[in-house]
Amino acid sequence: MTTEFRVDPPTAADERTLLQGFLDYHRGTLLWKVSGLTGDQLVRRSVDPSSMSLIGLVRHLGEVEKYWFHRALAGHDSPPKYWTAEHPDGDFDLADPAQAEQDVEDFRDLVKTSDTLAAAYPLDATFTRPGHDAPYSVRYLYIHMIEEYARHNGHADLLRERLDGSTGE
């Protein structure tokens, strides 16, 4: 595995640059963890009894990006792609090795759109999540997304190590 997918966040910068830097770092870490694997490896559930797979994490975090940036922040009608009421864990359970490469490209596209959407709002801007009354700030959104990626990148470390022995830093 190479780290070509991620860049260390800045160590001194304005708040927005730091938040974006850490979010980009964690997004890149996920892409690093899925790099160089076959579709069959990406969909393999390598930590029993969990239904998690590396491509499931990519699909899940793509749905998280879409929910928070596209639906909640920007108010776009962006229904989930991978899960439904009938298949609430479809992002993990319905992964197809033949689609894994496209799933990664779709994730990359979602991230680009998320960044474009977020750049249009100051950190103090607020929005309301669908089905919630409390306002959320863009600052909160960045912090939440960094936490979400950091947690799932820990899962990705374990899944990747079980697949081919590769470990993180």
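This structure is a prediction, so every number in the text was calculated from the model and none was measured.

**A closer look at the overall build of the protein**
At step 1: Check the secondary structure of the protein and you find 6 helices and 2 strands.
At step 2: Written out in order from the N terminus, the α and β elements of the protein read α-α-α-α-α-β-β-α.
At step 3: Relative to its full complement of 169 residues, the protein shows a buried share of 48%.
At step 4: Taking all contacts inside the protein whose residues are at least 6 apart in sequence as the whole, residues at least 24 apart take part in 71%.
At step 5: Roughly 8,700 Å² of accessible area belongs to the protein as shown, and the carbon and sulfur atoms make up 52% of that amount.

**Considering the nonpolar core**
At step 1: Among the nonpolar cores identified, the biggest contains 40 residues, and Leu30, Leu54, Ile55, Trp68, Phe107, Met145 and Tyr149 are the most heavily contacted of them.
At step 2: Elements represented by at least two residues in this core include exactly α1 (15-34), α2 (39-43), α3 (54-73), α5 (100-119) and α6 (138-164).
At step 3: In terms of residue count, α3 provides more of this core than any other element does, 11 residues in total.
At step 4: Beyond its immediate chain neighbours, meaning those up to four positions away, Tyr149 contacts Leu23, His26, Arg27, Leu30, Leu61, Glu65, Phe107 and Val111.

**Description of the confidence of the model for the protein**
At step 1: Averaged over the protein, the pLDDT score is 94; the fraction of residues at 70 or greater is 98%.
At step 2: The least confident element of the protein is helix α4 (residues 90-93), whose mean pLDDT is 93; the most confident is strand β2 (residues 135-137), at 98.

**A word on the packing of α1 against α5**
For any two helices packed against each other, the geometry is given by the interaxial angle and the distance between the axes.
At step 1: The geometry of α1 relative to α5 is characterised by a closest axis approach of 12 Å and an angle of 175° between their N-to-C directions. With respect to each other, α1 and α5 are oriented roughly antiparallel. Contacts from Arg16, Gln20, Asp24, Arg27, Leu30, Leu31 and Val34 of α1 reach α5 at Val104, Phe107, Arg108, Val111, Ser114, Asp115, Ala118 and Ala119.
At step 2: In terms of residue class, the contact of α1 with α5 is made up of 8 nonpolar, 2 polar and 5 charged.

**Focus: the pattern of salt bridges**
At step 1: Tallying each qualifying case throughout the model produces 13 salt bridges.
At step 2: Note that Asp24 is salt-bridged to Arg27, the shortest N-O span being 3.2 Å. Taken together, the residues span about one helical turn, with Asp24 and Arg27 both in helix α1 at a distance of 3 residues.
At step 3: We classify Asp24 as partly exposed; its relative accessible area is 34%.
At step 4: In this structure, Arg151 and Glu147 form a salt bridge, with 3.1 Å as the shortest nitrogen-oxygen distance.

**As for the packing of α1 against α6**
At step 1: At their nearest, the axes of α1 and α6 sit 9 Å apart, and the two run at 25° to each other. When the axis of α1 is compared with that of α6, the two are roughly parallel. Where α1 crosses over α6, the handedness of that crossing is left-handed.
At step 2: Of the residues that constitute the contact of α1 with α6, the class distribution is 13 nonpolar, 4 polar and 7 charged.

**Concerning unusual backbone geometry**
At step 1: Residue Asp48 is joined to Pro49 through a cis peptide bond whose omega torsion reads 0°.
At step 2: Residue placement: Pro49 occurs in the loop between α2 and α3.

**Describing the side chain of His60**
At step 1: You can see His60 is positioned in helix α3.
At step 2: Under the relative-accessibility criterion, His60 is labelled buried at 19%.

**Describing the packing of aromatic side chains**
At step 1: This model, assessed by the stated rule, comprises 8 aromatic pairs.
At step 2: Aromatic pair Phe127 and Tyr136: ring centres 6.1 Å apart, planes at 25°, arrangement stacked.
At step 3: Clustering of aromatic rings is evident, with ring pairs tying together Tyr67, Trp68, Phe127, Tyr136 and Tyr140.
At step 4: Across the ring face of Trp32, the terminal group of Lys33 is positioned such that the distance to the ring centre comes to 4.5 Å.

What counts, and where the lines are drawn
Residues numbered from 1 in each chain as written. Predicted model: local features only at pLDDT ≥ 70, side-chain atom pairs only at ≥ 80, totals over all residues. Heavy atoms only, no water. Helix = DSSP H or I, 4+ residues; strand = E, 2+ residues; numbered from the N terminus. Buried < 20%, exposed > 50% of the residue type's maximum accessible area, 1.4 Å probe, protein only. Contact = heavy atoms within 4.5 Å. Areas by Shrake-Rupley, 256 points an atom, 1.4 Å probe, with all protein chains shown as cover. Core = buried A, V, L, I, M, F, W, Y, C linked by side-chain atoms within 4.5 Å. pLDDT = per-residue confidence, 0-100. Axes fitted to C-alpha atoms, helices over the stretch in contact; angles between N-to-C directions. Parallel < 35°, antiparallel > 145°, perpendicular 65-115°, else oblique. Nonpolar A, V, L, I, M, F, W, Y, C, P; charged D, E, K, R; others polar. Salt bridge = Lys/Arg side-chain N within 4 Å of Asp/Glu carboxyl O. Left-handed = near helix turned anticlockwise from the far one by under 90°. Phe/Tyr/Trp six-rings, centres within 6.5 Å; stacked < 30°, edge-to-face > 60°. Lys NZ or Arg CZ within 6 Å of the ring centre and 35° of its normal.

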